[in-house]
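Structural overview
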Amino acid sequence: MADAAESTDLDLAVLAHLRGYPEDLRRFTNLMKQAHPRGRTAAEFFLSRPVAGDSFVAALCRLVQAGEDIVTVVEAADLLGLPPGRVLELSAAPGFPRPLAGEARHQIWRRTDIAAFRTPGAPAAG
């Protein structure tokens with residue numbers, strides 16, 4: 001079982017990645033209400049149940065729990081200074097980093113891969 005600080009840190013990290021995904025955010029916050037009184041993180045609780053292999057929230061929980069520094073489409077858009085729709089267009093183009101998980105608007109990348117995409121010498125983001 002996780003201690004209170006670990007529980008809060010892990011779940012807050014997952015929550016931060018759910019900005020821009022209102023339905024997933026609602027489900028995860030409801031799960032936090034169920035898990036925390038039992039002394040577990042919502043991420044642990046979520047992953048202890050059967051979930052679809054392509055579950056966006058499950059992928060987020062696994063990657064955050066593993067300590068990966070990740071970004072979603074919404075966060076990648078912020079990093080690149082582009083609208084999320086443009087990030088989705090770029091994600092289908094050659095030269096854009098391959099996601100760790102997900103598809104369409106639920107893709108997840110390493111933060112360093114997205115940051116490298118916009119550094120000097122990298123393909124133009126605009």
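Residues numbered from 1 in each chain as written. Predicted model: local features only at pLDDT ≥ 70, side-chain atom pairs only at ≥ 80, totals over all residues. Heavy atoms only, no water.

1. Description of the environment of Val-51
Among the secondary structure elements, Val-51 is positioned in the loop between α3 (42-47) and α4 (56-65). Residues contacting Val-51, with those up to four places away along its chain left out, are Phe-46, Ala-58 and Arg-62. (Helix = DSSP H or I, 4+ residues; strand = E, 2+ residues; numbered from the N terminus. Contact = heavy atoms within 4.5 Å.)

2. Points about helix α5 (residues 73-80)
Judged by how many residues are buried, α5 sits mostly within the fold: six of eight residues are covered. For α5, the full list of buried residues reads Val-73, Val-74, Glu-75, Ala-76, Ala-77 and Leu-80. Downstream of α5 by one or two residues, Gly-81 has phi in the positive range, about 70 degrees. (Buried < 20%, exposed > 50% of the residue type's maximum accessible area, 1.4 Å probe, protein only.)

3. Focus on the nonpolar core
In terms of nonpolar packing, the biggest core is built from 37 residues, with Phe-28, Val-87, Phe-96, Ile-108 and Trp-109 touching the most fellow members. Element by element, the count of residues in this core is highest for α4, at eight residues. (Core = buried A, V, L, I, M, F, W, Y, C linked by side-chain atoms within 4.5 Å.)

4. Digging into the pattern of salt bridges
This structure, assessed with the given rule, holds six salt bridges. The residue Asp-69 makes a salt bridge to Arg-111 at a minimum N-O spacing of 2.9 Å. Remark: Arg-111 occurs in helix α7 (residues 111-117) and Asp-69 occurs in the loop between α4 and β1 (70-72); sequence separation between them is 42 residues. Between Glu-89 and Arg-86 there is a salt bridge whose closest N-O contact spans 3.1 Å. Highlighted residues: Glu-89 and Arg-86, both in helix α6 (residues 84-91), separated by three residues, approximately one helical turn. Residue class for Arg-86 comes out partly exposed when judged on its relative accessible area of 27%. (Salt bridge = Lys/Arg side-chain N within 4 Å of Asp/Glu carboxyl O.)

5. Quick word on unusual backbone geometry
Most peptide bonds take the trans configuration, and most residues that are not glycine carry a negative phi. If you check the backbone angles, Ala-104 has positive phi at about 50 degrees while not being a glycine. Mapped onto the secondary structure, Ala-104 falls in the loop between α6 and β2 (108-110). Using a relative accessible area of 52% as the deciding quantity, one classes Ala-104 as exposed.

6. Here we look at the packing of α5 against α6
Across the interface, α5 lies against α6 with an axial gap of 8 Å and an inter-helix angle of 100 degrees. Accordingly, the angle class assigned to the pair α5 and α6 is roughly perpendicular. Across the interface between the two elements, Val-73, Ala-76, Ala-77 and Leu-80 from α5 touch Pro-84, Val-87 and Leu-88 from α6. Tallied by class, residues from the contact of α5 with α6 come to seven nonpolar, no polar and no charged. (Axes fitted to C-alpha atoms, helices over the stretch in contact; angles between N-to-C directions. Parallel < 35°, antiparallel > 145°, perpendicular 65-115°, else oblique. Nonpolar A, V, L, I, M, F, W, Y, C, P; charged D, E, K, R; others polar.)

7. A short note on the side chain of Gln-107
Positionally, Gln-107 belongs in the loop between α6 and β2. Here Ser-91 takes part through its side chain, which lies 3.2 Å from a polar atom of the side chain of Gln-107. There is a polar contact of 2.9 Å between the side chain of Gln-107 and the backbone oxygen of Ala-104. Contacts of Gln-107, omitting those with residues within four sequence positions, involve Val-71, Thr-72, Val-73, Leu-88, Ser-91, Pro-99, Ala-101 and Gly-102. (Polar contact = N/O pair within 3.5 Å; in protein donor to acceptor, adjacent residues only side chain to side chain.)

None of the figures reported here should be taken as evidence of function without further support.
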